[in-house]
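Each chain, letter by letter, is given below.
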Amino acid sequence: MKLTGAEIFVESLKREGVKTVFGLPGGVVLKIFDVLYGEKDLDFVLVRHEQAAIHMAEAYARATGKVGVALVTSGPGATNTVTGLVNANLDSCPIVVFTGQVLTSLIGNDAFQEADIVGISRSCTKHNYLVKHVNELAQTIKEAFYIAGSGRPGPVLVDIPKDVSMAMAEFTYPDKVYIRGYNPTYEGNKWQIKQAAEAILKAERPVLYVGGGVINSDGSGELQSLAELLNIPVTMTLMGLGAFPGTHPLSLGMLGMHGAHATNLAVHNCDLLIAVGSRFDDRVTGKINEFVPHAKIIHVDVDPTSIRKNIHVDIPIVGDARAVLRDLLAQVTAMVGGKRREGKTPWLTQIATWESERPLTYKADAKVIKPQFVIDMIYRRTRGEAIITSDVGQHQMWTAQFYKFAKPRTWLNSGGLGTMGYGFPAALGAQRAFPDQLVVCITGDGSFQMNLQELSTAMAYDLPVKVAIINNGYHGMVRQWQQLFYDGHYSASRIECGPDYVKLAEAYGAVGLRATEPHEVDDLLDEAFAVRKPVLMDFQVDPYENCYPMVPAGGAIHQMVYEDPQPEAGGRPSTPKDTQKESISLA
Amino acid sequence: MERIISLLVENKFGVLVRVAGLFSARGFNIESLSVGPTIDPSMSLITIVTEGDERILEQITKQLNKLIDVIKVVDLTENDFVERETTLVKIHTRTEDRAEAFRIIEIFRAKIVDSTPTTYTVEITGDAQKVEAFINQLRPLGLKELVRSGRIAIARDDAKAAGDHKRRQVVVEAK
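These remarks concern the structure in this document. The structure presented is a predicted model; accordingly, all values stated were derived computationally and were not measured.

## Remarks on the nonpolar core
Residues and elements named next belong to chain A.
- Counting residues in each nonpolar core, the largest one holds 79 residues, and the members touching the most others are Leu 208, Ile 298 and Phe 539.
- Ignoring sequence-local partners within four residues, the contact set of Phe 539 consists of Val 374, Ala 468, Ile 469, Ile 470, Asn 471, Ala 515, Val 521, Leu 524 and Leu 525.
- Formed by 49 residues, the second largest nonpolar core is a distinct cluster that contains Ala 52, Ile 54, Leu 428 and Val 439.

What follows is the structure, given as structure tokens:
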């Protein structure tokens with residue numbers, strides 16, 4: 001059967017089981033949109049800006065575990081996807097982005113709306129393709145989905161020239177795909193797993209340090225069994241939150257720059273660090289040559305380039321987190337005769353002591369809304385069960401600290417790239433995947449303004465996300481760094497003339513609510529969560545609240561700062577002098 | 001230290017720039033590069049000479065392996081290998097220097113491939129050291145132009161035997 005390239009495109013997506021496509025049309029993709037017209041099996045979400053389409057596709061993928069899909073036009077449509085692609089690449093998220101391209105005969109001629117998107121996106125995609133002939137289209141789409149979703153997941157871009165979508169070809173969708181240069185390793189090496197099991201049983205002070213890889217591989221069950229079998233405490237990276245229940249007695253929460261006192265001390269003092277699907281990011285390790293000075297390191301990762309990239313590893317295991325955890329669990333179970341290690345080990349007692357020394361907490365106030373208080377209230381109300389998205393900055397770290405995620409795939413945020421503007425479109429993508437779930441976007445006034453145009457999309461597609469704006473009138477994390485490390489020079493961090501968010505919501509037909517005092521927060525959340533409409537909640541919080549504990553950039557993670565420095569005689573907040581210079585140079 | 005990395009890649013457009021991009025994105029220089037077809041026309045072979053410490057090279061090798069279009073990565077410097085480079089040199093030929101030029105060309109088994117009343121163009125093939133030595137000898141006579149091919153290299157045995165280099169004898173180079 002002969003089909004046009006556009007029909008082949010749509011048929012191929014259906015064969016891949018795609019249900020939802022996010023994007024925006026334009027000249028060179030009109031043929032494809034013509035086929036989408038009246039198409040019942042594919043549901044298209046029209047965004048207001050292409051960047052948002054990529055974040056939506058990413059959040060959709062992250063929340064469902066399937067590959068997310070976006071379709072945009074050439075030129076500016078394509079270049080607007082770049083931030084989303086880099087974001088998905090750094091956070092290992094499977095998406096396939098289709099861009100239109102000018103006629104093959106015009107490529108390289110500076111044609112109208114032409115951009116070399118394959119060249120531009122080469123270094124920020126897992127792989128990309130320019131389809132030069134309609135005969136290659138189906139095969140390319142098959143490969144794109146396979147590459148995006150397998151191994152270490154990532155974004156794949158497919159550039160389709162206009163004439164390719166118009167030309168006719170025989171359509172057969174390949175059943176299988178074989179790429180000779182690409183064979184991800186899933187099963188861990190048996191010998192290495194045995195070595196790891198022995199090291200785990202020998203360790204007195206082990207810590208499991210798990211990241212997004214455990215969530216990507218759906219390995220939470222195996223992780224929990226292993227941790228419970230041997231009573232090993234578990235700390236999670238920002239991307240790993242949700243991999244292990246946040247309220248579990250063995251959970252240490254997040255580690256690193258804004259990790260809790262006990263968590264960072266546990267990591268610093270451990271004698272065995274079991275890293276699974278995490279990559280020793282600089283926000284986790286702090287000063288790398290003082291990281292885990294007493295520990296042997298086991299590192300499990302599906303991507304060999306992650307291993308020994310930042311740190312020496314004693315027992316490297318290349319493989320899928322879930323597969324390796326399963327084998328490790330079997331090996332350890334066999335070695336201990338299936339018996340659970342009961343009771344508190346001296347190690348867990350020590351960690352509990354650190355916890356009671358300096359618990360993760362905040363000082364509530366009767367007059368001013370503390371940002372942590374809002375997040376705490378959202379947590380209590382949802383009991384860790386909602387899908388939470390966040391943007392980037394202080395509110396993101398507070399959410400990571402105070403929202404205890406019960407399940408994987410419920411925490412969607414921009415970890416690696418730190419993309420402000422991610423949270424709101426991400427919430428819409430997740431809501432589209434799960435129309436009946438509560439989706440809350442915890443954002444800041446800085447971040448929200450980077451993609452607020454999608455309020456229109458939320459209304460158009462009836463996506464009742466709840467947006468909690470932690471409004472402090474600042475780029476808060478920037479202001480915090482300026483206070484601590486740049487002598488209080490608040491250069492360009494104050495956000496002046498922010499909109500009236502209540503009116504803004506109303507202008508789009510959404511619901512706008514505002515709280516300026518702590519006693520209003522509870523009722524406001526009640527009201528917001530009860531209405532089935534997009535809601536913007538403007539929480540006017542203490543603008544000077546800082547996020548603690550904090551490891552100054554370049555410092556070792558056990559050397560945390562816990563509170564604002566006391567003001568010097570001049571009235572200006574002082575700076576932690578010993579780390580100041582280094583922080584600036586290494587930040 | 002210097003490394004010679006041999007890459008078997010898909011013979012497609014855009015592959016070379018992916019490979020080169022890995023180096024440039026990390027600020028590493030490629031000392032020399034050569035690309036050519038292989039026995040199988042669907043694959044190409046890229047030979048890259050680069051420099052860097054152990055950790056950097058381990059990372060580069062892994063990253064190269066990660067590229068979808070790269071089929072195989074071999075660090076030839078880990079074992080015995082044979083390398084060659086071809087160079088074309090144009091030299092001035094003043095009457096008083098001609099005898100000396102001929103002598104050097106003879107010693108290095110180079111070949112004059114073109115001549116004009118004022119210049120000789122000489123071709124020399126050998127490993128990098130030999131080519132380097134030859135150029136240095138000619139330098140006093142006055143080099144007019146120099147074109148060096150990228151270096152190419154091949155492992156002395158198949159991959160299996162490659163780790164067993166101690167047992168092998170040095171093969172005297174055939175004329």
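Continuing now.
## Some thoughts on the layout of surface pockets
- Estimated volume of the second largest pocket: approximately 890 Å³.
- Every residue lining the second largest pocket is counted, 29 residues in all, and those nearest its centre are Asn89(A), Ser123(A), Arg26(B), Gln63(B) and Lys66(B).
- Of all the secondary-structure elements, those providing two or more residues to the lining of the second largest pocket are helix 5 (82–90), helix 6 (117–121) and strand 6 (127–130) of chain A together with helix 1 (15–25) and helix 2 (54–66) of chain B.
- Considering each element in turn, the lining of the second largest pocket owes the most residues, 5 residues, to helix 1 of chain B.
- Taken together, the residues that form the lining of the second largest pocket break down as 10 nonpolar, 10 polar and 9 charged.
- In terms of domain composition, the lining of the second largest pocket takes at least three residues from each of domain 1 (2–170) and domain 2 (190–357) of chain A.

## A closer look at the environment of Thr95(B)
- With respect to the secondary-structure elements, Thr95(B) resides in the loop between strand 5 (81–92) and helix 3 (98–107).
- Remark: the alpha-carbon pair of Thr95(B) and Thr118(B), spanning 23 residues in sequence, is separated by 9.1 Å.

## Quick word on helix 17 (residues 394–402) of chain A
- Within helix 17 of chain A, 9 of the 9 residues are buried, leaving the element largely enclosed by the surrounding structure.
- When we look at burial in helix 17 of chain A, the residues that qualify are Gln394(A), His395(A), Gln396(A), Met397(A), Trp398(A), Thr399(A), Ala400(A), Gln401(A) and Phe402(A).

## Observations concerning the interface of chain A and chain B
- If you look at the interface, chain A gives 18 residues, while chain B gives 20 residues.
- When chain A packs against chain B, close to 1600 Å² is buried across both sides, 51% of that on carbon and sulfur atoms.
- Where chain A meets chain B, there are 3 salt bridges.
- In this structure, Lys66(B) engages Asp303(A) in a salt bridge whose closest nitrogen and oxygen atoms are separated by 2.7 Å.
- Where chain A touches chain B, the interface holds 9 residue pairs in polar contact (both at pLDDT 80 or more).
- By residue number, the principal contributor to the side of chain A that touches chain B is strand 6 of chain A, which donates 3 residues.
- Here the side of chain A that touches chain B is built from residues that sort into 6 nonpolar, 4 polar and 8 charged.

## Structural notes on the pairing of strand 13 (residues 296–301) of chain A
Residue and element names in this part refer to chain A.
- Of all 6 residues that make up strand 13, 5 are buried, and the element is covered over most of its length.
- By the bridge criterion, 5 bridges tie strand 12 (residues 272–276) to strand 13 in an arrangement that is parallel. Bridge pairing links Ile 274 to Ile 298 in strand 13.
- Pairing between strand 13 and strand 14 (residues 315–318): 4 bridges, direction parallel. Among the inter-strand pairings, His 299 is bridged to a residue of strand 14, identified as Pro 316.

## Things to note about the packing of helix 1 of chain B against helix 2 of chain B
Residues and elements named next belong to chain B.
- Where helix 1 contacts helix 2, the two axes come as close as 10 Å, and the packing angle between them is 150°. Comparing their axes, helix 2 and helix 1 come out roughly antiparallel. Handedness of the helix 1/helix 2 crossing: right-handed. Residues Val 19, Leu 22 and Phe 23 of helix 1 lie in contact with helix 2, whose contacting residues are Ile 60, Gln 63 and Leu 64.
- A class-by-class count of the residues in the contact of helix 1 with helix 2 yields 5 nonpolar, 1 polar and no charged.

## What to know about the sheet that holds strand 3 (residues 43–46) of chain A
All names here are of chain A.
- Judged by pairing direction, the sheet is parallel, and its 6 strands sit side by side in the order 3-2-4-5-7-6 without closing on themselves. The open sheet has two free edges, formed respectively by strand 3 and strand 6, since each of these has just one partner strand. The sheet shows a mean angle of 20° between the axes of neighbouring strands, taken without regard to direction.
- Summarising the sheet, strand 2 (residues 20–23) and strand 3 pair through 4 bridges and their orientation is parallel.

Reading the values: the criteria
- Residues numbered from 1 in each chain as written.
- Chains lettered and ligands numbered in written order.
- Predicted model: local features only at pLDDT ≥ 70, side-chain atom pairs only at ≥ 80, totals over all residues.
- Heavy atoms only, no water.
- Core = buried A, V, L, I, M, F, W, Y, C linked by side-chain atoms within 4.5 Å.
- Buried < 20%, exposed > 50% of the residue type's maximum accessible area, 1.4 Å probe, protein only.
- Contact = heavy atoms within 4.5 Å.
- 1 Å grid on protein atoms, 1.4 Å probe; cavity = no way out; pocket = protein on both sides within 12 Å on 5 of 7 lines; lining within 4 Å.
- Points joined across faces, edges and corners; volume = space filled by probe spheres on them.
- Helix = DSSP H or I, 4+ residues; strand = E, 2+ residues; numbered from the N terminus.
- Nonpolar A, V, L, I, M, F, W, Y, C, P; charged D, E, K, R; others polar.
- Domains from an automatic or database assignment.
- Buried area = accessible area lost by both parts, 1.4 Å probe.
- Salt bridge = Lys/Arg side-chain N within 4 Å of Asp/Glu carboxyl O.
- Polar contact = N/O pair within 3.5 Å; in protein donor to acceptor, adjacent residues only side chain to side chain.
- Pairing = 2+ DSSP bridges.
- Axes fitted to C-alpha atoms, helices over the stretch in contact; angles between N-to-C directions.
- Parallel < 35°, antiparallel > 145°, perpendicular 65-115°, else oblique.
- Left-handed = near helix turned anticlockwise from the far one by under 90°.

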